[in-house]
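Descriptive structure summary
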Amino acid sequence: MRPPPETRSPDLRLSVQCGDGEPPLPVDRRQLRRWVVAALEGPAELTLRFVGLAEGRRLNRAYRGQNHATNVLTFPYDPDDGIPHPVQADIVICLPVLEREARRQKKSLRDHLAHLVVHGVLHAQGYDHLDDGEAARMETRETAVLRRFGIADPYQAPDR
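Calculation notes
Residues numbered from 1 in each chain as written. Predicted model: local features only at pLDDT ≥ 70, side-chain atom pairs only at ≥ 80, totals over all residues. Heavy atoms only, no water. Helix = DSSP H or I, 4+ residues; strand = E, 2+ residues; numbered from the N terminus. Rg over C-alpha atoms; globule rule 2.2 N^0.38 Å. Buried < 20%, exposed > 50% of the residue type's maximum accessible area, 1.4 Å probe, protein only. Contact = heavy atoms within 4.5 Å. Areas by Shrake-Rupley, 256 points an atom, 1.4 Å probe, with all protein chains shown as cover. Lys, Arg positive; Asp, Glu negative; His and termini not counted. Charge placed at Lys NZ, Arg CZ, Asp CG, Glu CD. Expected span 1.5 Å × (residues − 1). Arc of directions from axis to C-beta. Polar contact = N/O pair within 3.5 Å; in protein donor to acceptor, adjacent residues only side chain to side chain. Axes fitted to C-alpha atoms, helices over the stretch in contact; angles between N-to-C directions. Parallel < 35°, antiparallel > 145°, perpendicular 65-115°, else oblique. Left-handed = near helix turned anticlockwise from the far one by under 90°. Nonpolar A, V, L, I, M, F, W, Y, C, P; charged D, E, K, R; others polar.

A word on the overall build of the protein
Regarding its fold elements, the protein presents five helices and four strands. Going from the N terminus to the C terminus, the protein shows its helices and strands as β-α-β-α-β-β-α-α-α. Taken over the C-alpha trace, the protein has a radius of gyration of 16 Å; the compact-globule value for 160 residues is 15 Å, and the two agree within 12%. For the protein, the spread of C-alpha atoms along the principal axes amounts to about 45 × 40 × 35 Å. The buried share of the protein, taken over its 160 residues, is 41%. Taking the intrachain contacts of the protein between residues at least 6 apart in sequence as the baseline, contacts between residues at least 24 apart amount to 61%. In the structure as shown, the protein presents an accessible area of about 9500 Å², 48% of it carried by carbon and sulfur atoms. Both charge centroids of the protein, one from 23 positive and one from 23 negative side chains, sit 7 Å from each other.

See below:
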């Protein structure tokens, strides 16, 4: 028997890719899927791609005009055909940047990865942080999703 619609997870087609020569991921694909599903508000077709510095820099330069690798990039696809579609996006996470940030912020690699996955999935669904109101809405949603996994608010300074 299927659970009622309000308790069912959104339909998700998820592809996980690793760039050439990248180290193994710090979590398994099932955990990545749990984080993605927790952040989804409807059906989705997503690719999570994990890359190194060169590919991260190349993508950030090509699509954002910035000549450095960044932690996460989201590339949503919105077919302009008037037909409702699942959320479709590629989410790219640069592993060396993730690792550097986790160390600097004194966070576990797993927790920081969860944050970036959730952050990317929310961007794919139209969330943004261009102004204070949008940022507050996005951060509130991120924090709530992460809390479900026992992960502290990523926007609060860690206790030292």
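Continuing now.
Digging into helix 5 (residues 132-147)
The end-to-end C-alpha distance of helix 5, which contains 16 residues, comes to 22 Å, matching closely the 22 Å that a straight helix rising 1.5 Å per residue would cover. Along helix 5, the positions that sit buried rather than exposed are Ala135, Met138, Glu142, Thr143, Val145 and Leu146. Projected down its long axis, helix 5 shows its buried positions confined to an angular sector of 160°, all on one face. Exposed residues pointing more than 90 degrees away from the buried face of helix 5 are listed as Gly133, Arg137, Thr140 and Arg147. Where helix 5 is buried, its residues contact helix 1 (29-39) and helix 4 (109-124). Two or three places before Gly133, at the opening of helix 5, Asp131 has a side-chain oxygen 3.0 Å from that residue's backbone nitrogen.

Section: the side chain of His123
Mapped onto the elements of the fold, His123 is located in helix 4. One polar contact links His123 to His129, side chain to side chain, over a distance of 3.1 Å. Dropping the residues within four chain positions of it, His123 is found in contact with Thr74, Asp128, His129 and Met138.

Points about the packing of helix 4 against helix 5
Where helix 4 contacts helix 5, the axes come no closer than 10 Å and their chain directions differ by 130°. In terms of their interaxial angle, helix 4 and helix 5 are classed as oblique. At the point where helix 4 passes helix 5, the crossing takes the right-handed sense. Contact residues: Ala114, His115, Val118, His119, Leu122 and His123 in helix 4; Met138, Arg141, Glu142, Val145 and Leu146 in helix 5. For the contact of helix 4 with helix 5, the per-class residue count stands at six nonpolar, three polar and two charged.

A word on the environment of Val36
Along the chain, Val36 turns up in helix 1. For Val36, a relative accessible area of 0% gives the class buried. Spatially, the C-alpha atom of Val36 lies 8.7 Å from that of Leu12, the residues being 24 residues apart in sequence.

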